Structure formats: structure tokens, C-alpha cells
Amino acid sequence: MILTCNYNSLISATQSIASIVEDALSSDDDKAVIFNLKSSGVTLIGTTPVITYKRSLADCQLVLDEGDMMFMLKTKDLMPFLNTFKSLRRTKVDRVVFETLSNRIRCTVFEVYNEDVGYSDELHSSWIFDNIPIKPKKLPYINLESPTEQLFDCSMELKLLSESMIPVVGNASNIYGNLVFSEEHIVAFNQAFTSISKNFLAPKGLSGIKLNYRVLAFIKKVLLSEEQVSVSKTDRHLYFTAGGVEAFVMYDTKLASYDTQLGLHDATRHIAIDRGYLKDVIRRFSLASEPVEFTVNPDSTVVHLKNSKFEQEIPILDIKGFEGVSQFKFKVMPLYLDSAMLGEDSTFLQDGNEQSGNIFLYYNQAKSIISLGDCTNLWFSVLSVTVYE
């Protein structure tokens, strides 16, 4: 077997796979790049317990002696060697060649001098890698095939998910490290609040499932770097495809209940304040590691914020449903308040709707609950705070 590669294509593909398999929870067996060589083309594969990632290798030529084959190299061996050929001073890489040597793989890098150097000689250097045996338990992951189910373009929906709900999910193995997709809602649990949005991915098949932090991080880091992403749901995986990339991610169907949080939100009573200005003010309060006290007086034109170091008033831009409600207060940490305001400032902004640039502070007086949202009614966050007079 002789595989000749373009260096830039090779380093791009291997780095992408290494970023997935070199996870703190991955076993040593997973921290590798699998080269799947077929007469129809070359695919590089990385696997973890929840993700199988396949990427076609462009700009390569393959000579097979005895039919299709695979070999596997440890990323801790392969990547440091390939990285030594970045940012070269006097030469540039012309090509990279892999060859089989019994149970090992020889990687030869061919260099040529830069035009301004004045030499025309070709240089080459080789490194011998161990061809790691592929264990039988890996084969089902490697052999996953593209599903026949209908594919849906989900590029815009994944972008919205990455801006709004994914940032709420923590790197944890409990309820705080998962995103729940029910028929109607997407739900993220946090120690200080619970965020619930409309399930805008349900028409694409993402409902009745739960995705963990590592899958969500993969979606945000790898898939969203592609221009167009399509998805299909199988009985065990979500299948994503984008250009020369394929990914199979495992999902869970054991969904946490969120009925309690859903019942705590009451949208009949709200105060609107400028989202961008509130974000700026929160940044100032963040200098002190202590909660911010909100004082809301429906008869006033401002909301008063203070801690032991700083205080500021924020204008009330709109108020609804507070007839007969007296002054109330609550405290919240600046970091949690910032995180509970889903999305970026422009995520839910609507042309021609000035209110869409505001944050709504909802007050469920009957249950003494504060929640956040906006005029789109696409999302809200129920805060775990104590309301007092």
C-alpha cells in the first residue's frame, strides 16, 4: 500500500479528528486516527463512546496491493510529527507518503526549497509508526453507514442552538450536562436556573431525545464550522453530514421531567428593560464576587440594582400586569443572570420590533418566582431566587 497525500489536506483532517478523540474521558484506544483505504477513496475516522466522525481525505492518490485495508495510528505519535512541518523557514512540504512495512507504517515527508532559497534539491525524511491493531469492538463504529432516512438541512437551527441553549449546558455527567429535546421544548438545567425554549429542531427529527455535553460541544466546535449541515435520526444515532464530513452521535431517550419548571413561569406580568444595557451593567457588578440585589417598584420608572460595592438604576421601558403589586426584591449572582439571558444580543432580534431588543423580567406573584424572557416568546429562564419585600 502506498498513500500519497497533500500535507495541508492531511493536517486539516487529522487535527479535526484529534480534537474529538483526545478527550479527557476517552480511552487510549480511542485516541487514534483510523485510515480507511478503499479503491473508491480514503476516509479518516475517529471514534469515541458517543461520536463516530468520518472525514474524506482530499488530494490524495492510493495504490492498494491486496484490496481494501485499514490502519490506525495514535494521535500522540502522528500529530507531533506532522506539526514539525508547520511554519517552515527554508522549505515547504510537497507531499506526504504512507507505506506499509509489515505491522508498521512508514510516513515519508518530501520537502522542496522555497523559490527564494536558490536550491532545487528535493529533501525527504521518514518516521516509523506502529500500526495499532483495531479491536473487534471498534468495527461496529467504523462500519456505520449513511442512513436511508430523510435528511433535513439544519444549519440555521444548529446555529441558533449553539447561541442560545448549548452555552447553558455544563461539562458534567449529571442532569446539568445534558440538553433535553421533547416534542415541544428544548430544556437545559442549571444549578441556578432552568432554560426552556421552543423546540425549533423538532421538525428535523430532534425530539424525544437527550444529548450530552460532549455531543453538544462537538456540534458547536466541528459541525458549525461547515457551511451547510444536514441531519437524519436513526434508532440509535443522529447522523450529520456536511460536505466531506459524516458524524454519528449517540442519543439517550431517558428524559428528565421539567413539568415543575414549566408551571413556574407566568408571562402575564412583566417589566421590560434594555438587554444590551443590562449586560453592560452586569459586567460592572461581576467585579465583586457577590449577588446583585434587584429592587422592583412598579410605581417607579427604574429598577434599582446594588451590592456592597456598587449600585445603578436601569430604566423601565415597558410594564404590564403589575396593578396592585407592591415593591419586591430578589438577589442573583451576575454570572447566572448573564447566562440565563439566552443567546447573543442579536439572536432573537426582529427587524422593526423595538421590543425584541429588551429583556422581560416576569414575576409570578402567586409562587414568588422570577423568570426572564423576551417578546418573541421563544424562550424563558426560571431563576432559582428568593423573592422578598
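Residues numbered from 1 in each chain as written. Predicted model: local features only at pLDDT ≥ 70, side-chain atom pairs only at ≥ 80, totals over all residues. Heavy atoms only, no water.

Q: Please explain the overall build of the protein chain as it appears in this structure.
A: Counting its secondary structure elements, the protein chain contains eight helices and 26 strands. For 389 residues, the compact-globule estimate of 2.2 N^0.38 gives 21 Å, and the C-alpha radius of gyration of the protein chain, at 27 Å, exceeds that figure by more than 25%. Expressed as a percentage of the 389 residues in the protein chain, the buried residues total 48%. Of the contacts formed within the protein chain by residues at least 6 apart in sequence, a portion of 65% connects residues at least 24 apart. Between the centroid of the 37 positive side chains of the protein chain and the centroid of its 48 negative side chains there is a distance of 5 Å. (Helix = DSSP H or I, 4+ residues; strand = E, 2+ residues; numbered from the N terminus. Rg over C-alpha atoms; globule rule 2.2 N^0.38 Å. Buried < 20%, exposed > 50% of the residue type's maximum accessible area, 1.4 Å probe, protein only. Contact = heavy atoms within 4.5 Å. Lys, Arg positive; Asp, Glu negative; His and termini not counted. Charge placed at Lys NZ, Arg CZ, Asp CG, Glu CD.)

Q: Is there a simple way to explain the packing of aromatic side chains in this structure?
A: The way to describe two aromatic rings as a pair is by their centre distance and the angle between their planes. Applying the stated rule across the entire model yields 16 aromatic pairs. With centroids separated by 6.2 Å and ring planes inclined at 5°, the aromatic side chains of Phe322 and Phe328 adopt a geometry described as stacked. A network of ring pairs unites the aromatic residues Phe81, Phe85, Trp127 and Phe129 as a single cluster. Stacked on the ring of Tyr251, the Lys or Arg Lys233 has its end atom at 5.6 Å from the ring centre. In this structure, Arg269 is placed above the aromatic ring of Phe322, and the distance from its NZ or CZ to the ring centre is 6.0 Å. (Phe/Tyr/Trp six-rings, centres within 6.5 Å; stacked < 30°, edge-to-face > 60°. Lys NZ or Arg CZ within 6 Å of the ring centre and 35° of its normal.)

Q: Explanation requested: the layout of surface pockets in the structure shown.
A: Gaps left between atoms show up when a probe the size of a water molecule is rolled over them. Its boundaries defined by the atoms lining it, the largest pocket holds a volume of some 480 Å³. What lines the largest pocket is a set of 23 residues, and nearest its centre among them are Asp23, Val50, Ile51, Tyr213 and Arg214. Contributing elements (two or more residues each) for the lining of the largest pocket: helix H1 (7-21) and helix H5 (213-221). Ranked by residues supplied to the lining of the largest pocket, first place goes to H5 with five residues. (1 Å grid on protein atoms, 1.4 Å probe; cavity = no way out; pocket = protein on both sides within 12 Å on 5 of 7 lines; lining within 4 Å. Points joined across faces, edges and corners; volume = space filled by probe spheres on them.)

Q: So what exactly am I meant to see when it comes to the sheet that holds strand E19 (residues 292-296) here?
A: Through backbone hydrogen bonds, the strands of a sheet pair up, either in parallel or in antiparallel fashion. Read across the sheet, four strands follow the order E21-E20-E19-E23 without closing on themselves; strand pairing throughout is antiparallel. At either end of the open sheet lies a strand with only one pairing partner, and these are strand E21 (311-315) and strand E23 (328-332). The mean inter-strand angle of the sheet, taken between neighbouring strand axes irrespective of direction, is 20°. Pairing of E19 with strand E20 (residues 302-306), which is carried by four bridges, proceeds in the antiparallel orientation. Residue Val296 lies in a different strand from E20, and its bridge partner there is Val303. (Pairing = 2+ DSSP bridges. Axes fitted to C-alpha atoms, helices over the stretch in contact; angles between N-to-C directions.)

Q: Mind showing me how you'd approach helix H7 (residues 275-285) here?
A: Residues that lie three or four places apart on an α-helix share one face, since the helix turns once every 3.6 residues. Every buried residue of H7 is accounted for by Arg275, Leu278, Lys279, Val281, Ile282 and Phe285. Viewed along the axis of H7, the buried residues span an arc of 165°, placing them on a single side of the element. Among the residues of H7, the N-terminal cap falls to Asp274, whose side-chain oxygen and the backbone nitrogen of Gly276 are separated by 3.1 Å. (Arc of directions from axis to C-beta. Polar contact = N/O pair within 3.5 Å; in protein donor to acceptor, adjacent residues only side chain to side chain.)

Q: Even after reading the chapter, I still don't get the side chain of Lys204, so can you show me in this structure?
A: With respect to the element layout, Lys204 can be found in the loop between strand E13 (193-198) and strand E14 (209-212). With relative accessibility at 17%, the residue Lys204 sits in the buried group. Once residues within four sequence positions are removed from consideration, Lys204 is found in contact with Phe152, Asp153, Glu157 and Val231.

Q: What's the story with the state of the cysteines in this structure? I'm lost.
A: Throughout this description, disulfide means a covalent bond between two cysteine sulfur atoms. All told, the structure shown has zero disulfides when counted by the stated rule. Between Cys60, a free cysteine, and Cys5, which holds the nearest cysteine sulfur, the sulfur-to-sulfur gap is 5.8 Å. Of the residues examined, Cys60 reaches a relative accessible area of 22% and is grouped as partly exposed. Cys5 provides the cysteine sulfur closest to Cys107, a residue in no disulfide bond, and the two sulfurs are 7.9 Å apart. (Disulfide = S-S within 2.5 Å.)

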